[in-house]
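# A closer look at the structure
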Amino acid sequence: DQAMAAYRTAARMFKGYHVPLLYIGMQYLRTYNLQLAETSLLKTLELCSTDPLVYNELGVVAYRQGKWDEAIQYFETALSKVPNDAVVRKQWEPTLFNVGHCFRKTQKYDEALRKYHEALMLVPKESTLYAAIGFTLQLQGKVDKAVDYYHKALSLNSMDGFVAEMLTRAIEGLA
């Protein structure tokens, strides 16, 4: 409540500045009020169409609504607006990860794998990326390769229950 009050005050004080509205939208998103989040973020987009974070957050809204193709468009637009600087791009690994999930959910497995591998180049020791690649490969029926990625994921995070379960299923499928 205090954060929202501060953001609303900032929005009133700095009319035309998009950041307070962006944070209001992000706050609504955090509390799963997707309708208000989307409304606020679309207003933010009207004020500033160059901020990749606005598109990313709209992608998250669409993702949570199960609108995979719309989410892909927003995430891809966000990534296209990120400066081509290695340090800055590394911060956008979660967006690559999210767009990969959207591609996987629309059964565009090769595109999903491309996005996961792009993210892996930015953050090579992220166990969730190896898990996502393994899961996507398993969905494609490439169980041998999936097992390798599950092992790599578990070597980075041995407590990941999802990966352990999927590895067990993959091995059982091979037997």
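Procedures and definitions
- Residues numbered from 1 in each chain as written.
- Predicted model: local features only at pLDDT ≥ 70, side-chain atom pairs only at ≥ 80, totals over all residues.
- Heavy atoms only, no water.
- Helix = DSSP H or I, 4+ residues; strand = E, 2+ residues; numbered from the N terminus.
- Salt bridge = Lys/Arg side-chain N within 4 Å of Asp/Glu carboxyl O.
- Buried < 20%, exposed > 50% of the residue type's maximum accessible area, 1.4 Å probe, protein only.

For the rest of this paragraph, the subject is unusual backbone geometry. For Tyr32, which is not glycine, the phi dihedral falls at a positive 60 degrees. The phi torsion at Gln107 lies on the positive side, around 60 degrees, for a residue other than glycine. Inspection of the secondary structure assignment puts Gln107 in the loop between helix 7 (93–105) and helix 8 (109–122).

We now examine the pattern of salt bridges. Under the definition given, this model contains four salt bridges. Taking the shortest distance from any N to any O, the salt bridge between Glu76 and Lys115 comes out at 3.3 Å. Taken as a pair, Glu76 in helix 5 (residues 68–80) and Lys115 in helix 8 lie far apart in primary sequence, 39 residues in all. Between Glu118 and Lys115 there is a salt bridge, and its shortest N-O distance comes to 3.5 Å. In this pair, Glu118 and Lys115 both sit in helix 8, three residues apart, roughly one turn of the helix. The exposure class of Glu118 is partly exposed, given its relative accessible area of 34%. The exposure class assigned to Lys115 is buried, which follows from its relative accessible area of 13%.

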